[in-house]
Amino acid sequence: MSRASRLAWTSALLAALTVLSPFAPARAATPDPVVFVHGWAGADWNWAAMKSDFQHDGWPADRLFAWGYNSTQSNVTTADQLAAFIRQVRAQTGAAKVDIVSHSMGGLSSRWYLKFLGGTAYVDDWASIGGPNHGTNASYLCDLLIVSCTEMNYDSSFLRQLNAGDETPGPVNYGTFWSSCDEIINPDGSVRLDGAVNTNVGCIGHLSLLLAGSVSQKVRDFVR
């Protein structure tokens, strides 16, 4: 075998070993788009800090979508609008599924979407940060005036429907993040859901949950 033939054969062998080797670097998968859903009286800009954390941790900016809506309307109406927005995100990105990260009341409309509007087929991971999943006494301060507040009452017809049967339906990976010092969600255990990964993030205020680096890290690890 000539020297040139030996070199060509060796190069081909090394290339094959590189492809087959378990130590060859893996190509990074494109992450699911993340749809951020704010809470009552919130806005899409509430997610600025967390979106920045996601970007610094490898999520492309064009896979991060902070969605805004009218938080005084019924969560049922909001769920319909969220379904339309997620269809738009999937069409824009070509993604089969999205991840949802919600704060406070945003967890309720997104759960309604999952449970009653077929959302379990289009969502991979769902995270509720400080969500009033079983109601909160703070809602009674405005429940006579605003329908979305009434829906957060402990025994509202909305929550009875939402929590009846399976609280975490479908193949979605459900996670909740709750604080033992949340001044808005009372009792603290309202956040937790049967069938979800329920994480106590420590003593952090309700709005500070959106800014705390430790919470952001836990959420990123969950949806990664």
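Look above for the structure.
Remember, it's a predicted structure, so these values are computed and weren't measured experimentally.

Chemist: Is there a simple way to think about the overall build of the protein chain in this case?
Modeler: Across its full length, the protein chain holds seven helices and six strands. Order of helices (α) and strands (β) in the protein chain, N terminus to C terminus: α-β-α-β-α-β-α-β-α-α-β-β-α. Burial analysis of the protein chain (224 residues in total) assigns 46% to the buried set. Once local pairs closer than 6 in sequence are excluded, the contacts in the protein chain between residues at least 24 apart make up 70%. Of the roughly 10700 Å² of accessible surface on the protein chain, a fraction of 58% belongs to carbon and sulfur atoms.

Chemist: Help me understand the state of the cysteines in this model?
Modeler: Think of a disulfide as a covalent bridge from one cysteine sulfur atom to another cysteine sulfur atom. Counting across every chain of the model gives two disulfides. The disulfide that involves cysteine 142 links it to cysteine 149, with 1.9 Å between the sulfurs. On the S-S bond that ties cysteine 142 to cysteine 149, the torsion sits near -85°, and the link is left-handed. According to the relative accessible area criterion, cysteine 142 is buried, its value standing at 14%. Each disulfide pairs two cysteine sulfurs, and for cysteine 181 the partner residue is cysteine 203, the sulfurs being separated by 1.8 Å. Judged by the torsion about the S-S bond (-105°), the cysteine 181/cysteine 203 disulfide is left-handed. Pair noted here: cysteine 181 is in the loop between strand E5 (173-178) and strand E6 (197-200) and cysteine 203 is in the loop between E6 and helix H7 (213-223), with a separation of 22 residues, a long-range link.

Chemist: Would you explain the pairing of strand E4 (residues 123-129) in this entry?
Modeler: Within a regular beta strand, the side chains point alternately toward one face of the sheet and then the other, so they alternate between its two faces. With six of its seven residues buried, E4 lies for the most part within the structure. As judged from the five bridges shared by strand E3 (residues 98-103) and E4, these two strands associate in the parallel manner. Within E4, the position partnered with valine 98 by the bridge is valine 123. At this point the chain moves from E3, through helix H4 (residues 106-116), to the parallel E4, and the crossover so formed is right-handed. With five bridges joining them, E4 and E5 adopt parallel strand pairing. Directly across from serine 128, in E5, lies its bridge partner threonine 176.

What counts and how
- Residues numbered from 1 in each chain as written.
- Predicted model: local features only at pLDDT ≥ 70, side-chain atom pairs only at ≥ 80, totals over all residues.
- Heavy atoms only, no water.
- Helix = DSSP H or I, 4+ residues; strand = E, 2+ residues; numbered from the N terminus.
- Buried < 20%, exposed > 50% of the residue type's maximum accessible area, 1.4 Å probe, protein only.
- Contact = heavy atoms within 4.5 Å.
- Areas by Shrake-Rupley, 256 points an atom, 1.4 Å probe, with all protein chains shown as cover.
- Disulfide = S-S within 2.5 Å.
- Pairing = 2+ DSSP bridges.
- Right-handed = clockwise from strand over helix to strand, strands pointing away.

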